[in-house]
Amino acid sequence: MSSNDATSFGTPDEAYAFAAPFRAPRGSPIRELFKYVGRPGMISFAGGYPSKDLFDREGLERALEAAYRSDPIACLQYGDTAGALPLRRSLARLMGARGVDLGPDDIVVTTGSQQGFDLLLRTLIAPGDTALIEEPAYPAAISALRLAGANIVTVRTDRDGIDVDALAAQLYAWPPASRPKLLYTVPTFANPTGSTLPRERREALVRLAQAERIVLVEDDPYGELRFAGTPVPPLLALADGCPGARDWVVYFGSLSKIVAPGLRIGWAIAPAPIARRMIVAKQTSDLCTAPLAQEAARHYLDSGSLAPHLRSVVGAYRSRCDAMLKALAHFAPNDVEFSAPEGGMFVWARLTGGRDAGEVLKRAIERNVMFVPGTAFFVHEPDPSSLRLSFAAPDEAEAFEGARRLASALSF
Ligand code: PMP
């Protein structure tokens, strides 16, 4: 029995009359790979975890201490469901630096941005409602839509993200009876492709969402991890340039990839009618996000520690990504294409010669290197020729060596 197996007294699953989405739920294909990660000498490009060597442990220790010392009761007592006001003020300032003008009352603190998306789905999606999602897509967003019983329709992407012209054509031809209610996208350093939607496409997407009255969900955990190219404003910031568009954008931010996922601090920015309902949904989910974590996050943000920490993380990710791509360019066979991201944590690769990434993974594991086959990121028809490589965890030398091993696994 693995540590995840609960005790069973022999009662079959069917006895419990589970709700439809939970009758045969799919496990996470990425978690299945974890058993290999601990193998001695393994270099993993598989996880979507931030690097454990780069956490600002001293800065966070100081923030936790300061939080508890300055207001132990705020840390120990239940808090406001929408989030602690001091943290919401700090997050409003952080959003100001991202080009979004708002106040603390426009922010709902969530237990990770993952909870934010779940709350949004509870307020908007009834079983059978149509939801759009870019493809390939972040697997937990696909799972959340599946568990909500959504009719999931995928939107085409190219190397720059959503093909907005194709989306517009798709929407103009849509039967009025099943209008999509929302569109989920990670427009900056996407998981899994690493791609970033260019500014013109962002503006067109925002206009389209407003004109078609579709909630545009911008998931932005990676936006500050830019190590090359020119920054592009979030969709939410660009919505201000299109009258009425701000009413159709929901933004999710997170401290997970820029500070630490263990804090479980995310935030949602939604039009007031949606935000009010998400707060009602959150009351039955967890009452409030852990106050100790919120106070610590507030002290961390207010201490000015984030900017220097981000500089060190971004610098490390730049050199890890460069090392990986350099080794792949040098050693990998010609029929493998790689994206060259300007930030974030992921490179997306395609095997143009028709080989199967699942087969490559078996050969890779024999050589002590791992990645995630691209099939995990598709909704209906998986593309067996794609793979996701995360350069966040290995250091620079390991990234080079891992890519060399991967190139060997690719050569058959
Ligand atoms: N969105 C995307 C695109 C992600 O990759 C992740 C984490 N892997 C999340 C959301 C979840 O982040 P959080 O820890 O804030 O719940």
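Source: prediction; values computed, not measured.

Details of the site of the ligand
Item 1. Residues in close proximity to the ligand total 14 residues, the closest being Ser113, Asp219, Tyr222, Ser254 and Ser256.
Item 2. Ser256 has a polar side-chain atom sitting 2.6 Å from an oxygen atom of the ligand.
Item 3. Starting from 400 Å² of accessible surface for the ligand in isolation, the protein chains cover 90%.
Item 4. Here the shell around the ligand gets three residues from one element, more than from any other, and that element is helix α6 (residues 112-124).
Item 5. The residue makeup of the shell around the ligand, split by class, is five nonpolar, six polar and three charged.

Some words on the nonpolar core
Item 1. In this structure, Phe117, Leu120 and Phe371 are the most contacted members of the largest nonpolar core, which totals 132 residues.
Item 2. Ranked by the residues each element gives to this core, the list is headed by helix α13 (residues 306-331), at 12 residues.
Item 3. Ignoring anything within four residues of it in the chain, the contact list for Phe371 reads Leu33, Phe45, Ala46, Ala357, Val360, Leu361, Ala364, Leu387, Arg388, Leu389 and Leu406.

Observations concerning helix α7 (residues 139-147)
Item 1. Taken as a whole, α7 has its buried residues at Pro139, Ala141, Ile142, Ala144 and Leu145.
Item 2. Positive backbone phi, at 80°, marks Gly149, one or two positions downstream of α7.

Some thoughts on the pattern of salt bridges
Item 1. Summed over all chains, the structure comprises 23 salt bridges.
Item 2. With a shortest N-O distance of 3.4 Å, Asp80 and Arg88 are connected by a salt bridge.
Item 3. Taking relative accessible area as the criterion, Asp80 reaches 45% and is therefore assigned partly exposed.
Item 4. Arg98 is paired through a salt bridge with Glu224; the nearest N and O atoms lie 2.8 Å apart. Within this pair, whereas Arg98 is found in the loop between α5 (85-97) and β2 (107-111), its partner Glu224 is found in the loop between β7 (215-219) and α10 (235-239), the two being separated by 126 residues in sequence.
Item 5. Judged by relative accessible area, Arg98 falls into the buried class, the value being 13%.
Item 6. Each of the salt bridges in this network shares a partner with another, and the network as a whole consists of Lys52, Asp53 and Arg320.

Let's talk about the layout of surface pockets
Item 1. Of the voids in this model, the second largest pocket is the one considered here, and its volume is about 660 Å³.
Item 2. Together, 28 residues line the second largest pocket, and Asp158, Arg159, Asp160, Ser195 and Ser339 are the ones closest to its centre.
Item 3. Secondary-structure elements contributing two or more residues to the lining of the second largest pocket are β3 (130-135), β4 (151-158), β10 (336-338) and β11 (346-351).
Item 4. For the lining of the second largest pocket, a count of residues per class yields 10 nonpolar, eight polar and 10 charged.

Notes on a negative patch on the surface
Item 1. Taken together, Asp322, Asp395, Glu396 and Glu398 make up a surface patch of like negative charges.
Item 2. Its place among the elements puts Glu398 in helix α15 (residues 396-410).
Item 3. The class for Glu398 is partly exposed, based on a relative accessible area of 36%.

Structural notes on the packing of α5 against helix α12 (residues 291-302)
Item 1. For the pair α5 and α12, interaxial distance at closest approach is 9 Å and the crossing angle is 40°. Here α12 runs oblique to α5, going by the angle between their axes. Considering how the two elements wind past one another, α5 and α12 form a crossing that is left-handed. Seen from α5, the contacting residues are Pro86, Leu87, Ser90, Leu91, Arg93 and Leu94; seen from α12, they are Gln294, Ala297, Arg298, Leu301 and Asp302.

Let's talk about a nonpolar patch on the surface
Item 1. On the surface, a nonpolar cluster with roughly 390 Å² of combined accessible area is contributed by Tyr16, Phe18, Phe22 and Leu147.
Item 2. The residue Phe18 is located in the segment before α1 (29-32) in this model.
Item 3. Given the relative accessible area of 37%, Phe18 is considered partly exposed.

Thoughts on the pairing of β11
Item 1. For β11, the buried fraction is high: five of the six residues fall into the buried class.
Item 2. As paired strands, β10 and β11 are joined by three bridges and run antiparallel to one another. Residue pairing in the sheet places Val336 in a bridge with Leu351 of β11.
Item 3. Strand direction decides the pairing type here: β11 and strand β14 (residues 386-390), joined by five bridges, are antiparallel.

Quick word on the packing of aromatic side chains
Item 1. Inspection of the entire model under this criterion finds nine aromatic pairs.
Item 2. Pairing Tyr222 with Phe346 gives two aromatic rings, centres 5.6 Å apart and planes at 80°, and the pair type is edge-to-face. With a gap of 124 residues between them, Tyr222 in the loop between β7 and α10 and Phe346 in strand β11 connect regions that are remote in the sequence.
Item 3. You can call Tyr222 buried: its relative accessible area is 3%.
Item 4. One aromatic cluster is present, formed by Phe117, Tyr184 and Phe252 through successive ring pairs.

What to know about the domain arrangement of the protein
Item 1. Per the domain assignment, the segments making up the protein are domain 1 (25-56 + 308-410) and domain 2 (77-302).
Item 2. Each of domain 1 and domain 2 has a C-alpha centre, and these two points are 26 Å apart.
Item 3. On the side of domain 2, 30 residues touch domain 1, which itself brings 29 residues to the contact.
Item 4. Summed over both partners, the interface of domain 1 with domain 2 buries about 2600 Å², with 64% contributed by carbon and sulfur atoms.
Item 5. The largest per-residue losses of area from domain 1 upon contact with domain 2 belong to Glu342, Phe377 and Val379, which jointly make up 25% of the total buried on that side.
Item 6. For the pair domain 1 and domain 2, the interface holds one salt bridge.
Item 7. A salt bridge links Arg226 to Glu342; its shortest N-O distance comes to 2.8 Å.
Item 8. Applying the counting criterion to the domain 1 and domain 2 interface returns 14 residue pairs in polar contact (both at pLDDT 80 or more).
Item 9. Broken down by secondary-structure element, the contributors of at least two residues to the side of domain 1 that touches domain 2 are α13 and β11.
Item 10. When grouped by side-chain class, the residues that make up the side of domain 1 that touches domain 2 number 18 nonpolar, six polar and five charged.

Definitions and cut-offs
Residues numbered from 1 in each chain as written. Predicted model: local features only at pLDDT ≥ 70, side-chain atom pairs only at ≥ 80, totals over all residues. Heavy atoms only, no water. Near = heavy atom within 4 Å. Polar contact = N/O pair within 3.5 Å; in protein donor to acceptor, adjacent residues only side chain to side chain. Areas by Shrake-Rupley, 256 points an atom, 1.4 Å probe, with all protein chains shown as cover. Helix = DSSP H or I, 4+ residues; strand = E, 2+ residues; numbered from the N terminus. Nonpolar A, V, L, I, M, F, W, Y, C, P; charged D, E, K, R; others polar. Core = buried A, V, L, I, M, F, W, Y, C linked by side-chain atoms within 4.5 Å. Buried < 20%, exposed > 50% of the residue type's maximum accessible area, 1.4 Å probe, protein only. Contact = heavy atoms within 4.5 Å. Salt bridge = Lys/Arg side-chain N within 4 Å of Asp/Glu carboxyl O. 1 Å grid on protein atoms, 1.4 Å probe; cavity = no way out; pocket = protein on both sides within 12 Å on 5 of 7 lines; lining within 4 Å. Points joined across faces, edges and corners; volume = space filled by probe spheres on them. Patch = residues over 30% accessible without salt bridge, like charges linked within 9 Å, V, L, I, M, F, W, Y side chains within 5 Å. Lys, Arg positive; Asp, Glu negative; His and termini not counted. Charge placed at Lys NZ, Arg CZ, Asp CG, Glu CD. Axes fitted to C-alpha atoms, helices over the stretch in contact; angles between N-to-C directions. Parallel < 35°, antiparallel > 145°, perpendicular 65-115°, else oblique. Left-handed = near helix turned anticlockwise from the far one by under 90°. Pairing = 2+ DSSP bridges. Phe/Tyr/Trp six-rings, centres within 6.5 Å; stacked < 30°, edge-to-face > 60°. Domains from an automatic or database assignment. Buried area = accessible area lost by both parts, 1.4 Å probe.

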